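Structure assessment
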Amino acid sequence: MKVYFEEIPVSTNKRFELIDITDKVEEAVRNSNIRNGICLVFAPHATAAIVANEHERGLMEDILTKIQEIVQPERNWKHNLIDDNAHAHLGGALIGADRVFPVKDGELVRGTWQNIFLVEMDGPRSRRHVIVEVLGE
Ligand code: ZN
């Protein structure tokens with residue numbers, strides 16, 4: 001079995017933002033030269049997350065609106081006593097920092113309406129990273 005590891009640097013511009021990283025993940029899968037296996041997409045961050053969904057401007061805003069409804073950034077969370085970003089940790093905990101995709105015939109397998117996004121919830125940040133690890137043969 002082969003293992004390929006790539007780190008994609010991402011900078012974000014807003015407090016809440018979806019960054020489409022699909023092209024970079026697919027490029028990493030091609031760089032791996034792995035034909036069949038799985039691809040882990042992992043954000044090593046407690047205040048960001050990874051999702052796969054449609055790249056449609058309205059929906060992207062809807063997703064961010066819904067996340068903010070759930071995590072309630074204005075609420076007096078206890079973590080805000082030491083660091084003013086409890087809502088982003090809650091979002092990270094609820095959504096998760098990773099997604100796994102099949103790799104078949106050298107290509108990442110995803111649905112037509114499944115682009116891959118980094119979910120920024122505590123931006124802007126100049127040094128976010130997304131790890132792409134491809135395992136297979
Ligand atoms: Zn914090």
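Description of the structure in this document. (Residues numbered from 1 in each chain as written. Predicted model: local features only at pLDDT ≥ 70, side-chain atom pairs only at ≥ 80, totals over all residues. Heavy atoms only, no water.)

**Considerations on the nonpolar core**
Residues I21, V25, C39 and V41 are the most contacted members of the largest nonpolar core, which totals 22 residues. Of all the secondary-structure elements, those providing two or more residues to this core are β1 (2-10), α1 (22-32), β3 (37-42), β4 (48-53), β5 (98-104), β7 (115-120) and β8 (128-136). Not counting the four nearest positions on each side in its chain, I21 is found in contact with V10, V41, I50, I116, F117, L118 and V130. Counting 13 residues, the second largest nonpolar core, distinct from the first, contains F16, M60, A88 and V119. (Core = buried A, V, L, I, M, F, W, Y, C linked by side-chain atoms within 4.5 Å. Buried < 20%, exposed > 50% of the residue type's maximum accessible area, 1.4 Å probe, protein only. Helix = DSSP H or I, 4+ residues; strand = E, 2+ residues; numbered from the N terminus. Contact = heavy atoms within 4.5 Å.)

**Details of the coordination of the zinc ion**
Listed as protein donors to the zinc ion are H79 (NE2), D83 (OD), N85 (OD1) and H89 (NE2); their distances from the metal cover 2.1 to 2.2 Å. Because the angles between the four donor atoms bound to the zinc ion fall within 91 to 155°, the donor set is best described as irregular. Donor residues for the zinc ion, ordered by position in the chain, follow H-x3-D-x1-N-x3-H. Residue classification places D83 among the partly exposed positions, given a relative accessible area of 34%. (Donors = N, O, S within 2.8 Å, 3.2 Å for Na, K, Ca; no water. Tetrahedral: all angles 85-135°; square planar, octahedral: opposite > 155°, others 65-115°.)

**Description of the packing of aromatic side chains**
Throughout the structure, instances matching the rule amount to zero aromatic pairs. Looking at R75, its charged tip hangs above the ring of W77, at a distance of 4.1 Å from the centre. (Phe/Tyr/Trp six-rings, centres within 6.5 Å; stacked < 30°, edge-to-face > 60°. Lys NZ or Arg CZ within 6 Å of the ring centre and 35° of its normal.)

**Thoughts on unusual backbone geometry**
Both trends apply: most residues other than glycine have a negative phi, and most peptide bonds are in trans. The peptide bond linking G123 to P124 adopts the cis configuration, its omega dihedral lying at -5°. In this fold, P124 is placed in the loop between β7 and β8. If you check the backbone angles, N33 has positive phi at about 60° while not being a glycine. Its location among the elements puts N33 in the loop between α1 and β3.

**Section: the layout of surface pockets**
The volume enclosed by the largest pocket comes to roughly 210 Å³. Every residue along the wall of the largest pocket is listed here: K14, F16, E17, L18, H55, R57, M60, E61 and L64. For the lining of the largest pocket, the secondary-structure elements that each account for two or more residues are β2 (17-20) and α2 (57-71). Among the elements that take part in the lining of the largest pocket, α2 stands out by supplying four residues, more than any other. (1 Å grid on protein atoms, 1.4 Å probe; cavity = no way out; pocket = protein on both sides within 12 Å on 5 of 7 lines; lining within 4 Å. Points joined across faces, edges and corners; volume = space filled by probe spheres on them.)

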